[in-house]
Amino acid sequence: DIIQYVINKTYPKINKLVNYLNTVAKISSKLKLSVKWDLPSGMIINQYYKNYITKEILINNRSTSIRFFNNTIDAIKSKTALMPNVIHSLDATSLVLLINRLYKIPNFSNFSSIHDCYATDLNHISLLKSHLTSAYINIYTHNNGFLTKFHEKWLQLIMITIESTTDISYIVKADRITHIKIPNSSNKSGYTILKIPHLDFIKFDNNFITYDNYNSI
């Protein structure tokens, strides 16, 4: 795929981010955990896809499908859905933070949006750009940004799970968890060792731009 090749070549960290989120989803499913994250807008997201079976029943001589969910996690759906769910939640957060800022401006009423695209009249373009920049900085760089807080919350959930059971152990190096050891399914003996992903590929340059620079705009 040419487009994917160009994106990975131009922005190599995107592929690292995809691999990171895929690993988060995989390990969470192994531990039977949902994936939770907090957004700067105040919303808390909880991704938890359950496996289900579908049965056909007749109602008034019409066939109807009913899903019966169980308490196991759909690992495939959890993996494929995590990246778009995170991106959509961040797009929605950008809109919420932007509207909250624009609402405080007197007589600013000419505004529209489609997903992550925003528009206003020509006289307010610069103002819209400044407040949108501030919203992005709030999400992606303030206090080391969204991904850092996402990762910290995920590790906290893992530790809670480990501490609540005697079957799971972990390995710590340089004051951080590097691997976890979980028992295999009931029809297999032994353990599976999973490597914990980290955000070493993300670097913040505080000399480039800071949240405080835009906080008063």
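Above this text you will find the structure in question.
On a predicted model such as this, the values are computed, not experimentally measured, just so you know.

1. What to know about helix α2 (residues 12-30)
Then comes step 1: The end-to-end C-alpha separation of α2 is 28 Å, in line with the 27 Å expected for 19 residues at 1.5 Å each.
Then comes step 2: Inspection of α2 places L17, Y20, L21, V24, A25, I27, S28 and S29 among the buried residues, and these make up the whole buried set.
Then comes step 3: Those residues of α2 that are buried lie in contact with β1 (35-38), β4 (62-73), α3 (75-103), α5 (145-163), β8 (176-183) and β9 (191-195).
Then comes step 4: Note on α2: the residue one or two positions beyond its end, K32, has a positive phi of about 60 degrees.

2. Section: the pattern of salt bridges
Then comes step 1: Applying the stated rule across the entire model yields two salt bridges.
Then comes step 2: The shortest N-O distance in the salt bridge between D38 and K153 comes to 3.5 Å. You can see D38 sitting in strand β1 and its partner K153 sitting in helix α5, a full 115 residues away along the chain.
Then comes step 3: For D38, a relative accessible area of 37% puts it in the partly exposed group.
Then comes step 4: R176 is the salt-bridge partner of D200, the closest N and O atoms lying 3.0 Å from each other. Linking D200 in the loop between β9 and α6 (211-214) with R176 in strand β8, this pair joins segments that are 24 residues apart in sequence.
Then comes step 5: Residue D200 is classed as partly exposed on the basis of its relative accessible area of 46%.
Then comes step 6: Judged by relative accessible area, which is 35%, R176 ranks as partly exposed.

3. Focus: the packing of α3 against helix α4 (residues 125-140)
Then comes step 1: Contact geometry of α3 with α4 gives a least axis separation of 9 Å together with a crossing angle of 130 degrees. Our classification of the angle between α3 and α4 gives oblique. Remark: the crossing between α3 and α4 carries right-handed chirality. Taking contact as the criterion, the partners of L90, T93, S94, L97, L98, R101 and L102 in α3 are, on α4, L128, H131, L132, S134, A135, Y136, N138, I139 and Y140.
Then comes step 2: For the contact of α3 with α4, the residue count by class is ten nonpolar, five polar and one charged.

4. Some thoughts on empty space enclosed by the protein
Then comes step 1: Enumeration over the complete set of coordinates arrives at one cavity of 30 Å³ or more.
Then comes step 2: There is about 30 Å³ of room inside the largest cavity.
Then comes step 3: If you trace the largest cavity, you find it lined by S28, S29, L33, V35, Q47, Y48, Y49, I73 and S78.
Then comes step 4: Tallied by class, residues from the lining of the largest cavity come to five nonpolar, four polar and no charged.

5. Notes on the environment of H179
Then comes step 1: Structurally, H179 is set in strand β8.
Then comes step 2: Sequence-wise, H179 and F69 are 110 residues apart; in three dimensions their C-alpha atoms are separated by 31 Å.
Then comes step 3: Non-local contacts of H179, meaning those with residues more than four positions away in its chain, are made with Y170, I171, I193, L194, K195 and I196.
Then comes step 4: Looking at H179, its side chain comes within polar contact range of the side chain of T178, at 3.0 Å.

6. Comments concerning the packing of aromatic side chains
Then comes step 1: Across all of its chains, the model carries six aromatic pairs by this definition.
Then comes step 2: Each ring, one from F111 and one from Y118, has its centre 6.2 Å from the other, and the planes form 20 degrees; the classification is stacked.
Then comes step 3: Taking relative accessible area as the criterion, F111 reaches 24% and is therefore assigned partly exposed.
Then comes step 4: Between F146 and F150, the ring centres sit 5.9 Å apart and the planes meet at 45 degrees, which makes this aromatic pair tilted. Of this pair, F146 and F150 both sit in helix α5, four residues apart, roughly one helical turn.

Calculation criteria
Residues numbered from 1 in each chain as written. Predicted model: local features only at pLDDT ≥ 70, side-chain atom pairs only at ≥ 80, totals over all residues. Heavy atoms only, no water. Helix = DSSP H or I, 4+ residues; strand = E, 2+ residues; numbered from the N terminus. Expected span 1.5 Å × (residues − 1). Buried < 20%, exposed > 50% of the residue type's maximum accessible area, 1.4 Å probe, protein only. Contact = heavy atoms within 4.5 Å. Salt bridge = Lys/Arg side-chain N within 4 Å of Asp/Glu carboxyl O. Axes fitted to C-alpha atoms, helices over the stretch in contact; angles between N-to-C directions. Parallel < 35°, antiparallel > 145°, perpendicular 65-115°, else oblique. Left-handed = near helix turned anticlockwise from the far one by under 90°. Nonpolar A, V, L, I, M, F, W, Y, C, P; charged D, E, K, R; others polar. 1 Å grid on protein atoms, 1.4 Å probe; cavity = no way out; pocket = protein on both sides within 12 Å on 5 of 7 lines; lining within 4 Å. Points joined across faces, edges and corners; volume = space filled by probe spheres on them. Polar contact = N/O pair within 3.5 Å; in protein donor to acceptor, adjacent residues only side chain to side chain. Phe/Tyr/Trp six-rings, centres within 6.5 Å; stacked < 30°, edge-to-face > 60°.

Spatial relationships are all this shows, so hold off on functional conclusions.
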